[in-house]
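Report on the structure
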Amino acid sequence: MPHVVALYRHPVKGFTPESLPSLTVQADGRIAGDRVLAFRFADAATPEDRDGLDHWPKSKGLALESFPALAQLQLTYDHDAQRVRIEHAGETLADAGLDDDGRHALSEAVTGFVLDSPDAKRLQRPGRLPLALVGDGTRSRFQDRGRGYVSLHSEASVAALGAALGQEVDDRRFRSNVVIGGVDAWDELDWHGEVRIGDVRLRTAGPIVRCLATHANPDTGERDASVLKTLTGSLGQDEPTLGRLLVLPGISGAVGDPAGVGGTIRVGDEVLVG
């Protein structure tokens, strides 16, 4: 029986995921507490607006696609106290709240780390410095897409990719919210219609076309797996695809549309398709 084996959210875009026993799907279709903060480039919007919805392309701030060394940082976010702690190799680089002084300290710590990493030249491009930590720490605003989605992939698909690569592949590379077991590799790409996870009713949206962020080792930041080339090469995909987007019924993404119902997804929940 298909079931949930792991759940993740990413409080700061591009940084350490939180592994949790449950996630709340909000009425707007986004995961509560997911992508509530981001490190913005100096010339970027906060965030962009697309059809009245918050939209944050990876090109507007720090993201693993262009800055894989970020994976070396261990970031924790206290959602209640609204406090961020950043560590590297056992050393605390910053531990601060979201007031002006705290945001400055956190931005300075991350800037210093990146400028001392192999990704330094990318951060030194015109318009990127100084970084600013943006977001209120509560609202999920910094997704790649304006519309609210839940992202899902199966552990079997990741295992099949790992077999093609000839190495073990960690689920965290794909930064999905939901990881499922009990299905064959790539089954989730063929889903259509309703998907019920526990008591939460969703429906299928598009497959997830992957980017260079998946090449970064989630612990070392090294690009040590040619994920995109393997998906389109030895696995024969037209586009490098792994996982699927899910959306709440009734949400079209337009401002003024009725919100969905949402609810709580838990590790161990059954997944029913169709």
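Residues numbered from 1 in each chain as written. Predicted model: local features only at pLDDT ≥ 70, side-chain atom pairs only at ≥ 80, totals over all residues. Heavy atoms only, no water.

The name given to the protein in an unreviewed UniProt entry is MOSC domain-containing protein, and the organism recorded there is Microbacterium azadirachtae.

This paragraph deals with the overall build of the protein. The secondary structure content of the protein amounts to four helices and 17 strands. Here the protein has a C-alpha radius of gyration of 18 Å; the compact-globule value for 274 residues is 19 Å, and the two agree. Referenced to the eigenvectors of the C-alpha coordinate spread, the extents of the protein come out at roughly 50 × 45 × 30 Å. Across the 274 residues that make up the protein, the buried fraction comes to 51%. Contacts in the protein between residues far apart in sequence, at least 24 positions, make up 72% of those at least 6 positions apart. Total accessible area computed for the protein in this model is approximately 12000 Å², and 46% of it derives from carbon and sulfur atoms. Distance between charge centroids for the protein: 4 Å, based on 30 positive and 40 negative side chains. (Helix = DSSP H or I, 4+ residues; strand = E, 2+ residues; numbered from the N terminus. Rg over C-alpha atoms; globule rule 2.2 N^0.38 Å. Buried < 20%, exposed > 50% of the residue type's maximum accessible area, 1.4 Å probe, protein only. Contact = heavy atoms within 4.5 Å. Areas by Shrake-Rupley, 256 points an atom, 1.4 Å probe, with all protein chains shown as cover. Lys, Arg positive; Asp, Glu negative; His and termini not counted. Charge placed at Lys NZ, Arg CZ, Asp CG, Glu CD.)

Another point: the sheet that holds strand β13 (residues 194-197). If you walk across this open sheet you meet the eight strands as β2-β1-β12-β11-β15-β14-β13-β17, and the pairing is mixed. In the strand order of this sheet, the two ends are held by β2 (18-19) and β17 (271-273), each with one partner. Sheet analysis places strand β11 (residues 150-154) next to strand β15 (residues 241-247), joined by three bridges and oriented antiparallel. Along β15, the bridge assignment pairs Leu 152 with Arg 244. On the sheet, helix α3 (residues 155-165) packs against β1 (3-9), β11, β12 (178-181) and β15 and is oriented at approximately 55 degrees with respect to β11. (Pairing = 2+ DSSP bridges. Axes fitted to C-alpha atoms, helices over the stretch in contact; angles between N-to-C directions.)

This part covers the domain arrangement of the protein. Quite often, the size of an interface is put as the accessible area lost when its parts meet. Under the domain assignment, the protein is made up of domain 1 (3-30 + 144-273) and domain 2 (37-134). Computed from C-alpha atoms alone, the centre-to-centre distance between domain 1 and domain 2 is 23 Å. Opposite the 26 residues of domain 1 that make contact, domain 2 presents 27 residues. Counting each side, the surface lost to burial between domain 1 and domain 2 is near 2200 Å², with a carbon and sulfur contribution of 58%. Summed over the three residues of domain 1 that lose the most area to domain 2, namely Lys 13, Phe 15 and Asp 144, the buried surface amounts to 27% of that side. Across the contact surface, domain 1 and domain 2 share zero salt bridges. Run the count over domain 1 and domain 2 and you get eight residue pairs in polar contact (both at pLDDT 80 or more). (Domains from an automatic or database assignment. Buried area = accessible area lost by both parts, 1.4 Å probe. Salt bridge = Lys/Arg side-chain N within 4 Å of Asp/Glu carboxyl O. Polar contact = N/O pair within 3.5 Å; in protein donor to acceptor, adjacent residues only side chain to side chain.)

With that settled, consider the sheet that holds strand β9 (residues 91-97). The strand order β7-β8-β9 describes an open sheet built from three strands, whose pairing is antiparallel. This sheet does not close on itself; its edge strands, each paired only once, are β7 (74-78) and β9. Direction aside, neighbouring strands of the sheet carry axes that sit 10 degrees apart on average. The sheet contact formed by strand β8 (residues 83-88) and β9 spans six bridges and is antiparallel. Bridge pairing links His 88 to Glu 91 in β9. Contacting β8 and β9, helix α1 (residues 100-115) crosses the sheet at an angle of about 155 degrees to β9.

As for its position among the elements, His 215 is in the loop between β14 (200-209) and α4 (227-232). By relative accessible area, which is 11% here, His 215 ends up buried.

This paragraph deals with the pattern of salt bridges. Inspection of every chain in the model, using the stated rule, returns 13 salt bridges. Ionic pairing is found between Arg 122 and Asp 119, a salt bridge with its closest N-O pair at 2.9 Å. Linked through salt bridges whose partners overlap, the residues forming this network are Arg 83, Arg 85, Glu 87 and Asp 95.

Take the nonpolar core next. By size, the foremost hydrophobic cluster in this structure holds 31 residues, and its most contacted members are Phe 15 and Leu 62. Elements with a contribution of two residues or more to this core: β7, β8, β9 and α1. Per-element accounting of this core gives the leading share, five residues, to α1. Each of domain 1 (3-30 + 144-273) and domain 2 (37-134) accounts for three or more of the residues forming this core. Residues within four places of Phe 15 in sequence aside, it is in contact with His 10, Phe 39, Leu 62, Leu 70, Leu 73, Leu 75, Val 110 and Arg 175. By size, the runner-up hydrophobic cluster in this structure holds 19 residues, among which are Val 4, Val 183, Ile 197 and Val 271. (Core = buried A, V, L, I, M, F, W, Y, C linked by side-chain atoms within 4.5 Å.)

The next subject is the side chain of Arg 210. Along the chain, Arg 210 falls in the loop between β14 and α4. Among buried charged residues, Arg 210 stands out as having no salt bridge; its nearest opposite-charge side chain is Glu 188, 7.8 Å away. Separated by 3.4 Å, the side chains of Arg 210 and Ser 176 make a polar contact. A distance of 2.8 Å separates a polar side-chain atom of Arg 210 from the backbone oxygen of Leu 242. Contacts of Arg 210, omitting those with residues within four sequence positions, involve Phe 174, Ser 176, Leu 228, Pro 240, Leu 242 and Gly 243.

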